[in-house]
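Below are the chains, spelled out letter by letter.
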Amino acid sequence: MKRRDFLKVSSAAGLAGLAGPAYDALAAPGLGRETGFDLHPFIKEHPEAVFINITSVDEKTNNQAIHDAAYKLAGEMFVKTKRGRGFPNSTKITCKPNWTCSRLDPRDPTANLGITTDLNFIEGFLRSVRNIGPQEIYLRECACPQMWERNGWTAMAQRNNFDLRDLSSKDYWDLPEGDVIFHKVNNGIVFKEVGFMAPMTAPGTFLINMAKLKTHQMGVTASVKNLQGIGARKFHQFCGGHYDVFKTYDQRYHKFFHEDYLEKVNALQQRHLQEGMPRWASKMDRPPYGGGLFMEQWIQRMIDAYSVIPTGINIVEGIYGRDGDGFSGGPHNGKPADYMCNNIIFGKDAFRVDIISHWLAGHEPGNFGLFHIGIERGVSDVLDPNDIPIYLWENGRAKKVNLDSLKRTPLVTLYLRRNYDGFDEDQYHLVDEPFDYSAWKTRKTAYNEKPSIKALGSDAANGIVMEVNVPETSDVYVDVKNKYGDVVWRLKADGLEPGKHEVVWDGFSEPGLYTMFVKGMGWDAKREMVIYT
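Criteria and cut-off values
- Residues numbered from 1 in each chain as written.
- Predicted model: local features only at pLDDT ≥ 70, side-chain atom pairs only at ≥ 80, totals over all residues.
- Heavy atoms only, no water.
- Phe/Tyr/Trp six-rings, centres within 6.5 Å; stacked < 30°, edge-to-face > 60°.
- Helix = DSSP H or I, 4+ residues; strand = E, 2+ residues; numbered from the N terminus.
- Buried < 20%, exposed > 50% of the residue type's maximum accessible area, 1.4 Å probe, protein only.
- Pairing = 2+ DSSP bridges.
- Contact = heavy atoms within 4.5 Å.
- Axes fitted to C-alpha atoms, helices over the stretch in contact; angles between N-to-C directions.

On to the packing of aromatic side chains, then. Applying the stated criterion across every chain, the model contains 37 aromatic pairs. Ring geometry for F182 versus F256: centroids 5.3 Å apart, planes at 5°, classification stacked. Of the two residues, F182 is situated in strand β10 (residues 180-184) and F256 in the loop between α6 (245-248) and α7 (261-275); the sequence distance between them amounts to 74 residues. In this structure F182 comes out as partly exposed when scored by relative accessible area, which is 30%.

Structure below.
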């Protein structure tokens, strides 16, 4: 799937905004006079931002308060539309909660609440979305369908007429045609093709990614990791340890994986280790879990899948958060603990939402390989949480705030224990060692070596502002071609230094489809943009 930017320009100077890559939402805009729905314009027009809604729930068992907070928030995040704007109400709402294998303890039925996205939050939020307009709502989760009924999830879906089906217990060849949707992965490291549980990733859908604020061996298991659970059987087992699928999976799955993926993962892990990736020297002290190689494999496989998943909005339910191993283990006499964080974190960009979620949980995002490799793979463009615009969301209004003004709730994790170079870190720990973002940005630590180009928006004179990422000192050409392949604008910059640079196409005059190119000595990149009025 091609990467494409959408830019809106107007005859009035300065009225421009970047709506984001085309795969952010696959549902086609409504036509005619049909009523529809959309994200609040401010959220939609600020995909670079992360929003935080502060709640006031007193305890995790206050079901009504959690339900009502979610209902109210959804009613502010989504708006009704008319005259064909936004998405038609026939759009299928697909929702991915974080439901995993949590077993009820008869001695304390509330003990495992922090393992999953709160049921009352899911119910309140989706009821409110339905009240806005769209009626068809689908819940999909790969983990432990045999536990859905005892945890109350089946009953919740039934009383609301939400479509909840088990599409992960059977192999794809034992399911009816159409129950698994396959997407080819361009330039994948592990996957050639990924299968998802229908209707996830289908045209005419809008995905609400609804994660839980909790720690896990991957760090904080937030928006990005939550998306692995929309994969069909055998396509979602990313964090099950470092192993060879060609020795453990049925041969009918082999065609979906690159034959040399283990070699590529090993080589990447060694390269990242030599480049100084934080904690990449960690040893696998819980085989087949833990260690830099395990984390490299999970991240590469996760990003392969993420690259073909269209999300409408990413939400981390942090009304209460959990520390420990993501399940029932933790540092408190072997058990985890839940904390009333009273934060709901959301935004268009899953990586940005997760960077802020990690920061709010007491960690330093620059120490997590996922965020470095996301930039390297071209699915993210930011590492420093201070570079992300933060807005407090209250009563349907956004107020920009400084990151340091927000309350943090430390949640210890199993992530890549420092068990090397003389360290013997506790099993559960904060990943809060200082990270030098300034040095990283000046390429003293170099991970972002891939060239790229993207449209940022327009300036006051309706010039088109583009960002080019240059991997090495080079004579650089930036070209813009129209839909016929004709070069309509060219810029040459001799001896351009490595890093990110902004360039302005000041000769723009006609809306339409264009392709941007950046070229150097032995490297190039391109991306499409649609400019509309």
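That shown, we press on.
The strand order β5-β3-β6 describes an open sheet built from three strands, whose pairing is antiparallel. Each having just a single partner strand, β5 (78-81) and β6 (87-88) make up the two edges of the open sheet. As defined by bridge partners, strand β3 (residues 36-39) adjoins β5 across four bridges and the pair is classed as antiparallel. Note on β5: the bridge partner recorded for D38 is V79. Against the sheet, helix α2 (residues 63-77) engages β3 and β5, with an angle of about 45° to β5. Packing of helix α3 (residues 119-132) onto the sheet brings it into contact with β3 and β5, and relative to β5 it is tilted by some 15°.

Our next topic: the sheet that holds strand β20 (residues 464-470). Two strands in a sheet stick together by hydrogen bonds in their backbones, pointing the same way (parallel) or opposite ways (antiparallel). Pairing in this open sheet of three strands is antiparallel, and the strands run β19-β20-β23 from one edge to the other. With one partner strand each, in any of the chains shown, β19 (452-458) and β23 (499-505) form the two edges of the open sheet. Adjacent strand axes in the sheet meet at a mean angle of 25°, parallel and antiparallel pairs treated alike. Both β20 and β23 contribute to a ladder of seven bridges, which runs antiparallel. The residue bridging I464 from the neighbouring strand is W505, located in β23.

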